[in-house]
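Observations on the three-dimensional arrangement
Here are the chains, one letter per residue:
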Amino acid sequence: MKLRKVTAATVAVLALATAATACSSNDKSDGGSSGGGSKKIKIGIKFDQPGIGQKTPQGYTGFDVDVATYVAKQLGYDAGQIEWKESKSADRETMLQRGDVEFIAASYSITPEREQKVDFAGPYLLAHQDVLLRADEKKIKAPADLNSKKLCSVTGSTSAQNVHDKLAPKANLLEYPTYSACLTGLQNGAVDALTTDDSILAGYASQDAFKGKFKLGGFKMTNENYGIGVKKGSDLKAKINSALEKMVSDGEWQKAVDKNFGPAGYKNEPAPKIGNIVQ
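Residues numbered from 1 in each chain as written. Predicted model: local features only at pLDDT ≥ 70, side-chain atom pairs only at ≥ 80, totals over all residues. Heavy atoms only, no water.

1. Concerning the sheet that holds strand 2 (residues 48–49)
Working definition: the strands of a sheet are paired by backbone hydrogen bonds and lie parallel or antiparallel to each other. Convention followed: Only strands joined by at least two bridges in the DSSP assignment are considered to pair. Put simply, DSSP H or I for four residues or longer makes a helix, DSSP E for two residues or longer makes a strand, and each gets a number counted from the N terminus.
The sheet built from three strands is open, its strands ordered 2-3-4 with antiparallel pairing. Only two strands of the sheet have a single partner each, and these edge strands are strand 2 and strand 4 (59–61). In terms of strand pairing, strand 3 (residues 53–56) meets strand 4 through three bridges, oriented antiparallel. Paired with glutamine 54 across the two strands is threonine 61, which belongs to strand 4.

Right, here's the structure in full:
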């Protein structure tokens, strides 16, 4: 009886020691001791904006994707360690506040209202509200020329209404469900112009199916400073600003602009001075 008790106690001790060793081994593996393979960073982007942020069967593409990938590398993460999260416009502040993502690069204009809820690094691109026209359009040379023309934007957007209210009160406003539908209408003559940010227009027009068919008006009707959103008070803001400054200085920023917007004739502003908000 005594022998059995000792043996049972010994087995219990050995079992505990084995379990502790296993836990230690697992913890070490999960911690990424073999090069940090398990380390991840969650980044918010758009999934449905060609040229900006788009999910495709081959992966994720667009200017914001290129910028976010560069920033992540400067923070210590390679491309394989990025977990992309869809950040719809209405969800961006909530995602940051909840900690769903570390940062968001998603055609995210810096505004005083948004700065009350989140912080922004950047701006890393100065976009403008503009119009997209057919490549052979010769009569629309200024916003006022949109009077009596069919002006398209997506349902619920304020872009077309802004043009109507401030620049072309006699424009005929048309709302389509998607930018792609507006582009099809522009191509077949159902609409005369499409309006939203020039970066978004350039991204759509740069798709293979539309190359050479459209041009930007170059009207620059508003200033839209795109920033990278982070949680309020996050120390990532300063680190991301440093990464953006490096991206501009080493030429990678310009390469990303040319690659994603160039086919539509997009004429970007000079490389941005990080921290300089253009009114």
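2. Quick word on the packing of aromatic side chains
Quick note on the threshold: Pairing of aromatic rings covers Phe, Tyr and Trp, the last through its six-membered ring, and needs centres within 6.5 Å; plane angles under 30 degrees mean stacked, over 60 mean edge-to-face, and all others mean tilted. Burial classification: accessible surface area is computed with a 1.4 Å probe over protein chains only, and a residue below 20% of its type maximum counts as buried, one above 50% as exposed, and the rest as partly exposed. Any Lys NZ or Arg CZ found within 6 Å of a ring centre and within 35 degrees of that ring's normal is scored as a charge over the ring.
Within this structure, the stated rule accounts for eight aromatic pairs. Arranged with centres 5.3 Å apart and planes meeting at 50°, the rings of phenylalanine 47 and tyrosine 60 form a pair that is tilted. Of this pair, phenylalanine 47 sits in the loop between strand 1 (41–45) and strand 2 while tyrosine 60 sits in strand 4, and the two are 13 residues apart along the sequence. Here phenylalanine 47 falls in the buried class, since its relative accessible area comes to 16%. Seen in terms of ring centroids, phenylalanine 210 and phenylalanine 214 are 5.7 Å apart; in terms of plane orientation they differ by 55°. Their pairing is tilted. Using a relative accessible area of 11% as the deciding quantity, one classes phenylalanine 210 as buried. Taken together, the aromatic side chains of Phe63, Tyr124, Trp253 and Phe261 make up a single cluster linked through ring pairs. One cation-aromatic arrangement involves lysine 39 over tyrosine 77; the distance from NZ or CZ to the ring centre is 4.8 Å.

3. Let's talk about unusual backbone geometry
Following glycine 122, the chain continues into proline 123 via a peptide bond in cis, with omega recorded as 10°. Residue placement: proline 123 occurs in strand 7 (residues 118–127). Positive phi, normally seen in glycine, also occurs at serine 107, with a value near 40°. Residue placement: serine 107 occurs in the loop between strand 6 (103–104) and helix 4 (112–115). Overall, serine 107 belongs to the buried group, its relative accessible area being 9%.

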